[in-house]
Amino acid sequence: MSEQLKAASQRVQDYLSEKGKQFVVKQLPSSTRTAQEAADTIGCSVSQIAKSLIFKNKQNDEPVLIVASGTNMVCTDKIEQATGIQLAKADADYVREKVEFAIGGVPPVAHSSNITTILDPDLKQYETIWAAAGTPNSVFELRPSDLDELTKGLWVALAK
């Protein structure tokens with residue numbers, strides 16, 4: 001990590017540091033845009049990738065962050081049954097406008113405002129996981145339990 005972090009990644013690093021976390025944002029030479037690319041680049045299993053997906057809340061058009069294991073597809077019906085939140089897909093413009101990060105680099109933290117967050121309990125089976133850090137080639141390592149503290153998210157069985 002000899003080069004300076006890009007602005008979006010620095011925002012994530014600053015947030016983590018402000019929260020007293022010693023996590024280090026790493027800019028990697030290869031893409032981490034997809035869970036598979038991230039796992040290949042990092043050298044971990046795809047399911048250890050904590051992919052951050054932004055959906056729209058149909059009732060109020062606010063963003064909802066889903067942090068899911070890299071191998072899981074999100075079942076919006078399960079989320080609605082558990083939380084009452086009806087989800088709709090969000091396009092790239094919506095994601096950039098609402099959370100100020102681009103798809104492929106959305107982190108689980110450091111958003112421009114508080115965001116409803118739902119966490120995948122399948123991530124809890126791993127000692128460490130990896131999350132995007134603001135760009136399509138930056139990541140940071142954390143423990144699943146850190147997601148509780150950092151996101152105040154709700155753990156919901158969400159896999160299809």
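Residues numbered from 1 in each chain as written. Predicted model: local features only at pLDDT ≥ 70, side-chain atom pairs only at ≥ 80, totals over all residues. Heavy atoms only, no water.

**A word on the overall build of the protein chain**
Then, number 1: Within the protein chain one finds five helices and eight strands.
Then, number 2: For the protein chain, the N- to C-terminal ordering of α and β elements is α-β-α-β-β-α-β-α-β-β-β-α-β.
Then, number 3: Computed over the C-alpha atoms, the radius of gyration of the protein chain is 14 Å, within 12% of the 15 Å expected from 2.2 N^0.38 for a compact globule of 160 residues.
Then, number 4: Overall size of the protein chain, expressed as C-alpha extent along the three principal axes, is 45 × 30 × 30 Å.
Then, number 5: Residue pairs in contact within the protein chain that sit at least 24 positions apart in sequence constitute 65% of those at least 6 positions apart.
Then, number 6: Here the protein chain displays about 8,000 Å² of accessible surface, and carbon together with sulfur accounts for 45% of that area.
Then, number 7: Here the protein chain contributes 17 positively and 20 negatively charged side chains, and the mean placements of these two sets differ by 1 Å. (Helix = DSSP H or I, 4+ residues; strand = E, 2+ residues; numbered from the N terminus. Rg over C-alpha atoms; globule rule 2.2 N^0.38 Å. Contact = heavy atoms within 4.5 Å. Areas by Shrake-Rupley, 256 points an atom, 1.4 Å probe, with all protein chains shown as cover. Lys, Arg positive; Asp, Glu negative; His and termini not counted. Charge placed at Lys NZ, Arg CZ, Asp CG, Glu CD.)

**A word on the layout of surface pockets**
Then, number 1: Estimated volume of the largest pocket: approximately 620 Å³.
Then, number 2: Around the largest pocket, the lining comprises 32 residues; the ones closest to its centre are Lys51, Ser52, Leu53, Ile54 and Ile103.
Then, number 3: Where the lining of the largest pocket is concerned, the elements lending two or more residues are helix 2 (35-42), strand 2 (49-57), strand 4 (87-89) and strand 6 (129-132).
Then, number 4: Residue contributions to the lining of the largest pocket peak at seven residues, all from strand 2.
Then, number 5: Taken together, the residues of the lining of the largest pocket sort by class into 21 nonpolar, seven polar and four charged.
Then, number 6: Computed from the structure, the second largest pocket encloses a volume of approximately 230 Å³.
Then, number 7: Lining of the second largest pocket is provided by 14 residues; of these, Tyr15, His111, Ser113, Asn114 and Leu150 occupy positions nearest its centre.
Then, number 8: Where the lining of the second largest pocket is concerned, the elements lending two or more residues are helix 1 (7-18) and helix 5 (144-151).
Then, number 9: Class assignment for the residues of the lining of the second largest pocket results in seven nonpolar, five polar and two charged. (1 Å grid on protein atoms, 1.4 Å probe; cavity = no way out; pocket = protein on both sides within 12 Å on 5 of 7 lines; lining within 4 Å. Points joined across faces, edges and corners; volume = space filled by probe spheres on them. Nonpolar A, V, L, I, M, F, W, Y, C, P; charged D, E, K, R; others polar.)

**What about the pairing of strand 3 (residues 63-69)?**
Then, number 1: Taken across its seven residues, strand 3 has seven buried, putting it largely inside the fold.
Then, number 2: Sheet topology places strand 2 next to strand 3; seven bridges connect them, and they run antiparallel. Bridge pairing in strand 3 links isoleucine 54 to leucine 65.
Then, number 3: What sits between strand 2 and strand 3 in their antiparallel hairpin is a turn of five residues, with aspartate 61 showing a positive phi close to 65°.
Then, number 4: Bridge count between strand 3 and strand 5 (residues 116-119): four bridges; the pairing is parallel. Looking at strand 5, one finds that isoleucine 66 is bridged to isoleucine 118. (Buried < 20%, exposed > 50% of the residue type's maximum accessible area, 1.4 Å probe, protein only. Pairing = 2+ DSSP bridges.)

**Things to note about the environment of glutamate 100**
Then, number 1: By the secondary structure assignment, glutamate 100 is in the loop between helix 4 (92-99) and strand 5.
Then, number 2: The exposure class assigned to glutamate 100 is partly exposed, which follows from its relative accessible area of 43%.
Then, number 3: Distance in space between the C-alpha atoms of glutamate 100 and serine 112 is 6.6 Å, their sequence separation being twelve residues.
Then, number 4: With sequence-adjacent residues up to four places away left out, glutamate 100 is seen in contact with Arg11, Val95 and Ser112.

**Digging into a negative patch on the surface**
Then, number 1: A cluster of acidic side chains, namely Asp61, Glu62, Asp91, Asp93 and Glu97, defines a negative patch on the protein surface.
Then, number 2: Structurally, aspartate 61 is set in the loop between strand 2 and strand 3. (Patch = residues over 30% accessible without salt bridge, like charges linked within 9 Å, V, L, I, M, F, W, Y side chains within 5 Å. Salt bridge = Lys/Arg side-chain N within 4 Å of Asp/Glu carboxyl O.)

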